[in-house]
Amino acid sequence: MPSWFKIHRRPKHIITGKGEVHPAGTTTLASAALVSKERVRSVMGQRSDWQADAWELYDSVSELRFGVSWIANACSRARLYVGRIDPDGSSEPVPLDADFEGEDFEDQGLTVEQVTTLLAPLEELGGGQLGQSEMLRRLSIHLNIPGESYLIGFDDPETNERTWVIASSDEVSSSGAGIKLQLPDMANHQIDIDPDRSTILRIWRPHPRLAYQADSPLVALRQPLRELIDISAHITATAESRLAGGGGAVLPPGGSNPR
């Protein structure tokens, strides 16, 4: 298994702000991993042939595009938040809200300064709720079509502000020890990303057989979708042929209709 593929586990015990120790459940997350500078070349640009087919089918089959877009639009309505995990994992995380009073933070074993620090990355991600919705929409499409995506955070060379983007595997490529990122605002607008000064996170749907490989429903749906395209083309050709002839036939002089 490549060293860039990391298994992240929750700790066996959680220590609260009040010094209490609670057992925690073990959760394995094998669908996201940071891409280090040493592994840029081995990770970036490793595309499978079926992924190009999947994008072509997405552009060609209206039924597929509608279904994937419906799921993506639903995902875009999700709201991200920073939450405090229940020690026993029996309930949903409790959201941290900057509008809480100081005593509310103290009840959770946190100070106002700690909460502000925890909320800062979320406020930076995507430039706020609107940008996060678009990021979730694109991420959903990527996971359902090519099966993988990249979350990249870098310092914008023009504004020097931290910028986060969701990029497909076709929008990133290795360049020496770094990567080139295709920005979404215009064609052929690429910038160089230094992994030492950026955050590069590969997010993918792991294949059941080889978990480091991307998987997608399109792997098994390609042949049925091609058949759908062929059937649609046959129906269209038949309809156009009948319309062009108007349902009539030209007979030579003295000929008769065999019917």
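Let us look at the structure shown here. The structure presented is a predicted model; accordingly, all values stated were derived computationally and were not measured.

Regarding the overall build of the chain
Moving on, step 1. Of the regular secondary structure elements, the chain holds seven helices and 13 strands.
Moving on, step 2. When each of the 259 residues of the chain is scored for burial, the buried share is 30%.
Moving on, step 3. Of all intrachain contacts in the chain linking residues separated by at least 6 positions in sequence, the fraction that spans at least 24 positions is 58%.
Moving on, step 4. Only carbon and sulfur atoms are counted for the fraction: they give 54% of the accessible area of the chain, which is about 16,700 Å².

A look at the packing of aromatic side chains
Moving on, step 1. What the rule picks out here adds up to one aromatic pair.
Moving on, step 2. Judged by centre distance (5.7 Å) and plane angle (85 degrees), the ring pair of W55 and Y58 falls under edge-to-face. Here W55 and its partner Y58 are both found in helix α2 (residues 49–60), three residues apart, which amounts to about one turn of the helix. Here W55 and Y58 have matching classes, each one buried.
Moving on, step 3. A cation over an aromatic ring shows up here: R162 above the ring of W164, its NZ or CZ 5.8 Å from the ring centre.
Moving on, step 4. Across from the ring centre of W204, 4.3 Å away, lies the NZ or CZ of R202, which sits over that ring.

Re the pairing of strand β9 (residues 162–167)
Moving on, step 1. Sheet analysis places strand β8 (residues 148–155) next to β9, joined by six bridges and oriented antiparallel. Looking across to β9, one finds that L151 is bridged to I166.
Moving on, step 2. Between the antiparallel neighbours β8 and β9 lie six residues, among them N160 with a positive phi of about 60 degrees.

Here we look at the packing of α2 against helix α3 (residues 62–76)
Moving on, step 1. Direction vectors running N to C along α2 and α3 enclose 100 degrees, while the axes themselves pass 6 Å from each other. Regarding the angle of α2 to α3, the classification is roughly perpendicular. For the pair α2 and α3, contact is made by L57, Y58, D59 and S60 and by S62, L64, R65, V68 and S69, respectively.
Moving on, step 2. Residue classes in the contact of α2 with α3 are distributed as four nonpolar, three polar and two charged.

Let's talk about α2
Spacing of three or four residues puts side chains on the same side of an α-helix, whose turn is 3.6 residues.
Moving on, step 1. In this model α2 runs 17 Å from its N-terminal to its C-terminal C-alpha over twelve residues, within 8% of the 16 Å that 1.5 Å per residue would give.
Moving on, step 2. For α2, every residue scored as buried is listed here: W50, Q51, A54, W55, L57 and Y58. One face of α2 carries all of its buried residues, which in axial projection span an arc of 160 degrees. Exposed residues lying more than 90 degrees from the buried face of α2 are D49, E56 and D59.

Here we look at the sheet that holds strand β5 (residues 32–34)
Moving on, step 1. Read across the open sheet, the four strands follow the order β5-β13-β8-β9; overall the sheet is antiparallel. Of all strands in the sheet, those with a lone pairing partner are β5 and β9, marking the two edges. Across this sheet, the average inter-strand angle for adjacent strands is 15 degrees, counted without regard to direction.
Moving on, step 2. This element, helix α6 (residues 129–144), spans β8, β9 and β13 (199–204) of the sheet and lies at about 30 degrees to β9.

Regarding the packing of α3 against α6
Moving on, step 1. With their axes 8 Å apart at the nearest point, α3 and α6 run at an angle of 145 degrees to one another. The two elements α3 and α6 cross, and the hand of that crossing is right-handed. Seen from α3, the contacting residues are V68, I71, A72, N73, C75 and S76; seen from α6, they are S133, L136, R137, S140, I141 and N144.
Moving on, step 2. Across the contact of α3 with α6, the residue classes tally to six nonpolar, five polar and one charged.

A closer look at the nonpolar core
Moving on, step 1. Counting residues in each nonpolar core, the largest one holds 16 residues, and the members touching the most others are I152, F154, L181, I193 and I200.
Moving on, step 2. Listed by contribution, the elements that provide at least two residues to this core are α1 (40–43), β8, β9, β11 (178–182) and β12 (190–193).
Moving on, step 3. Counting residues per element, this core draws most heavily on β8, which supplies three residues.
Moving on, step 4. Setting aside residues no more than four positions away along its own chain, F154 makes contact with E161, R162, T163, V165, L181, L183, I191, I193 and S198.
Moving on, step 5. Judged by nonpolar contacts, the second largest core, of 13 residues, contains A54, I145, L218 and L225.

Considering the environment of Q190
Moving on, step 1. Looking at the element boundaries, Q190 is found in strand β12.
Moving on, step 2. If we ignore the near neighbours within four places in the chain, the residues touching Q190 are K180, L181 and Q182.

Each value, and the rule that gives it
- Within each chain, residues carry numbers counting from 1 in the order of the written sequence.
- Restriction of local features to residues with pLDDT of at least 70 applies here, the model being predicted, together with a cutoff of 80 or more for giving and counting side-chain atom pairs; totals for whole chains, interfaces and linings are based on all residues.
- Side-chain measures here rest on the full set of heavy atoms in the structure, leaving out hydrogens and waters.
- The numbering of helices and of strands both runs from the N terminus, where a helix is a DSSP run of H or I of at least 4 residues and a strand a run of E of at least 2.
- Exposure is judged per residue with a 1.4 Å probe applied to protein chains only, and the accessible area is read against the type maximum: over 50% gives exposed, under 20% gives buried, and values in between give partly exposed.
- By definition, residues are in contact when any of their heavy atoms lie within 4.5 Å.
- Note on areas: Shrake-Rupley with a 1.4 Å probe; residue coverage comes only from the protein chains shown.
- Any two rings among Phe, Tyr and Trp, with Trp reduced to its six-membered ring, count as a pair given centres within 6.5 Å; such a pair is stacked if its planes are under 30 degrees apart, edge-to-face if over 60, and tilted if neither.
- In this scheme, Lys NZ or Arg CZ marks a charge over a ring once it lies within 6 Å of the ring centre and within 35 degrees of the ring normal.
- Pairing between two strands requires that DSSP report at least two bridges joining them.
- Every angle, taken between N-to-C directions, lies between 0 and 180 degrees, and every axis is a line fitted to C-alpha atoms, over only the stretch in contact when it is a helix.
- Every angle not falling under 35 degrees, over 145, or within 65 to 115 is termed oblique; those three ranges are roughly parallel, roughly antiparallel and roughly perpendicular.
- Classification convention: Asp, Glu, Lys, Arg as charged; Ala, Val, Leu, Ile, Met, Phe, Trp, Tyr, Cys, Pro as nonpolar; all other residues, Gly among them, as polar.
- Multiply 1.5 Å by the residue count of a helix minus one, and that product is the helix's expected span.
- Here, the arc refers to the directions that run from the helix axis to the C-beta atoms.
- Left-handed describes a crossing whose near helix is turned anticlockwise from the far helix through less than a right angle; right-handed describes the clockwise counterpart.
- Only buried residues count toward a nonpolar core, which is a set of Ala, Val, Leu, Ile, Met, Phe, Trp, Tyr and Cys residues joined through side-chain atoms within 4.5 Å.

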